[in-house]
Amino acid sequence: MSIDRTEIAPRRLHPLSVRVMHWTNAAAMFIMITSGWGIYDDYVIIPGLHFAQAVRLGSWAVPSLLWHFAGMWLLAVNGLAYLLYGVFTGRLRERMLPIRWRDVLQTVRDTLHLRIEHDDLTVYNAVQKLLYIVVIVAGISQVVTGLLIWKPVQFSTGVALLGGFQAVRLEHFLGMTVIVGFVVVHVALSILVPRTLWAMLSGGPRLPGPAVRPSEGQT
Ligand code: HEM
């Protein structure tokens, strides 16, 4: 007897697990970025660039470093759970692939003409997909470069491969810049299209059928 999964448990656009991981990630990123600014100020990378105390987590470098390590576990464990969930349920592939350059250019054109409708919440536009993939790669790269900065002797090969200790610090800083740039655009868009924000809080519309598994074809 065949079982219609959609009748038993219709999927939500953002299942509870994804919502919990998304908001945990947002909190972890907030801790990582603001505590990172606290550590940075002790040993600046770009001369003249400082972060005001008001935007730093931790009154000086040592408490900021403690926050950074605590946030790092939250970010890494939660991020790993999100990636494993996304790969094994097929959700990442279903939501974020394929990306066609033609669609990216068209979406950029539409956005420049202030046409940023998001009628069908169940489909991410090409720029959204691209930005999500960029930020996921940036998050992974931050964990890797952070580990190299933390244990440069134990991971000396990795440090050398990425150009030396100061180069890895710069790469870690650039990764943060990419993530902050993403968050500014991402939060602005979710305010401009508040239905998406409500969906990320409540689960959003129900989807027909199960997710496409990684082993299945997608047309
Ligand atoms: C307060 C801050 C944030 C708000 C208000 C917010 C809001 C949202 C909303 C509304 C969506 C759904 C978009 C849609 O359905 O069109 C979403 C998805 C997403 N957000 Fe955020 N977000 C925040 C922070 C972050 C941060 C810090 C990151 C990563 C650095 C992030 C990464 C993502 C990703 C990757 C998705 C796609 C999730 C998926 O479908 O698997 N968000 N966010």
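Position numbers for residues count from 1 along each chain, tracking the sequence in the order it is written. In view of the model being predicted, local features appear only for residues whose pLDDT reaches at least 70, and side-chain atom pairs are presented and counted only at 80 or more, with totals across whole chains, interfaces and linings using the full set of residues. Side-chain numbers here rest on the full set of heavy atoms in the structure, without hydrogens or water.

Colleague: Outline the overall build of the protein, supporting the account with residue identities and numerical values.
Modeller: Helix and strand assignments come from DSSP, with helices taken as H or I runs of at least 4 residues and strands as E runs of at least 2, each series counted from the N terminus. For the protein, the count of helices and strands is nine helices and two strands. The helix and strand sequence of the protein, counted from the amino end, reads α-β-α-α-α-α-α-α-α-α-β. Dimensions of the protein, computed from the C-alpha atoms along their principal axes, are close to 60 × 45 × 30 Å. Partly exposed residues are those whose accessible area sits between 20% and 50% of the maximum for their type, while under 20% is buried and over 50% is exposed, using a 1.4 Å probe and protein chains only. Burial statistics for the protein: of 219 residues in total, 32% are counted as buried.

Colleague: Give a description of the site of the ligand that names residues and reports values.
Modeller: By convention in these notes, a residue is near a molecule or strand provided one of its non-hydrogen atoms lies within 4 Å of it. The immediate surroundings of the ligand are formed by 23 residues, with His 22, Tyr 82, Arg 91, Tyr 124 and His 186 found nearest. In protein, a polar contact means a hydrogen-donor-capable atom and an acceptor-capable atom, both N or O and within 3.5 Å, with residues adjacent in sequence counting only if both atoms are side-chain atoms; elsewhere, any N or O pair within 3.5 Å suffices. Between the ligand and the protein, one listed contact pairs an oxygen atom with a side-chain N or O atom of Tyr 82 at 2.5 Å. One nitrogen or oxygen atom from the side chain of Gln 128 is found 2.8 Å from an oxygen atom belonging to the ligand. Contributing elements (two or more residues each) for the shell around the ligand: α2 (16–40), α4 (91–96), α6 (126–150), α8 (165–192) and α9 (194–202).

Colleague: Account for the packing of helix α3 (residues 61–89) against α6, naming residues and giving values.
Modeller: Two elements in contact, α3 and α6, have axes separated by 11 Å at closest approach and are oriented at 140 degrees. Classified by the angle between their axes, α3 and α6 sit oblique to one another. In this structure, α3 crosses over α6, and the sense of that crossing is left-handed. Here Phe 69, Met 72, Leu 75, Tyr 82 and Leu 83 of α3 lie close against α6, whose contacting residues are Ile 136, Ile 140, Val 143 and Trp 150. Only the stretch in contact is used when a helix axis is fitted, and all axes are lines through C-alpha atoms; the angle between N-to-C directions ranges over 0 to 180 degrees. Small angles under 35 degrees read as roughly parallel and large ones over 145 as roughly antiparallel, with 65 to 115 read as roughly perpendicular and the rest as oblique. The handedness criterion is simple: a crossing whose near helix is rotated anticlockwise from the far helix by less than a right angle is left-handed, and one whose near helix is rotated clockwise is right-handed. By definition in these notes, contact holds between two residues if any of their heavy atoms fall within 4.5 Å.

Colleague: Explain the pattern of salt bridges to me, and be specific about the residues and the numbers.
Modeller: Charged atoms that come close allow side chains of opposite charge to pair. Criterion for a salt bridge: a side-chain nitrogen of Lys or Arg within 4 Å of a carboxyl oxygen of Asp or Glu. Taken as a whole and judged by the stated rule, the model has four salt bridges. A salt bridge links Arg 11 to Glu 94; the nearest nitrogen and oxygen atoms lie 3.2 Å apart. Note that Arg 11 is positioned in strand β1 (residues 11–12) and Glu 94 in helix α4, a separation of 83 residues in sequence. One salt bridge connects Glu 94 with Arg 95, and the closest N-O pair in it is separated by 3.9 Å. Judged by its relative accessible area of 5%, Arg 95 is buried.

Colleague: Pulling in residues and values, what's your account of the packing of α2 against α8?
Modeller: Between α2 and α8, the shortest axis-to-axis distance is 11 Å and the interhelical angle comes to 130 degrees. The orientation of α2 relative to α8 falls into the category oblique. Crossing geometry of α2 relative to α8 is assigned as left-handed. The segment α2 lies against α8, with His 22, Met 29, Ile 33, Trp 37 and Tyr 40 engaging Phe 173, Met 176, Ile 179, Val 180 and His 186.

Colleague: Before we move on, can you summarise the packing of aromatic side chains with the specific residues and values?
Modeller: Aromatic rings from Phe, Tyr and Trp, with only the six-membered ring used for Trp, were paired whenever their centres fell within 6.5 Å, and each pair was classed as stacked if the ring planes differed by under 30 degrees, edge-to-face if by over 60, and tilted otherwise. Applying the stated criterion to the full structure yields six aromatic pairs. The interplanar angle of 75 degrees and the centroid separation of 5.2 Å between the aromatic rings of Tyr 40 and Phe 51 together place this pair among those described as edge-to-face. Of this pair, Tyr 40 sits in helix α2 while Phe 51 is found in the loop between α2 and α3, placing the two residues eleven residues apart along the sequence. Here the two residues Tyr 40 and Phe 51 agree in accessibility, since each one is buried. Pairing Phe 69 with Trp 150 gives two aromatic rings, centres 5.0 Å apart and planes at 45 degrees, and the pair type is tilted. Of this pair, Phe 69 sits in helix α3 while Trp 150 sits in helix α6, and the two are 81 residues apart along the sequence. Note on Trp 150: relative accessible area 39%, which makes it partly exposed. Clustering of aromatic rings is evident, with ring pairs tying together Trp 37, Tyr 40, Phe 51 and Phe 173. As a reminder, the over-ring test applies to NZ of lysine and CZ of arginine, requiring each to be within 6 Å of the ring centre and within 35 degrees of the ring normal. When the ring centre of Trp 150 is taken as reference, the NZ or CZ atom of Lys 151 above it lies at 4.9 Å.

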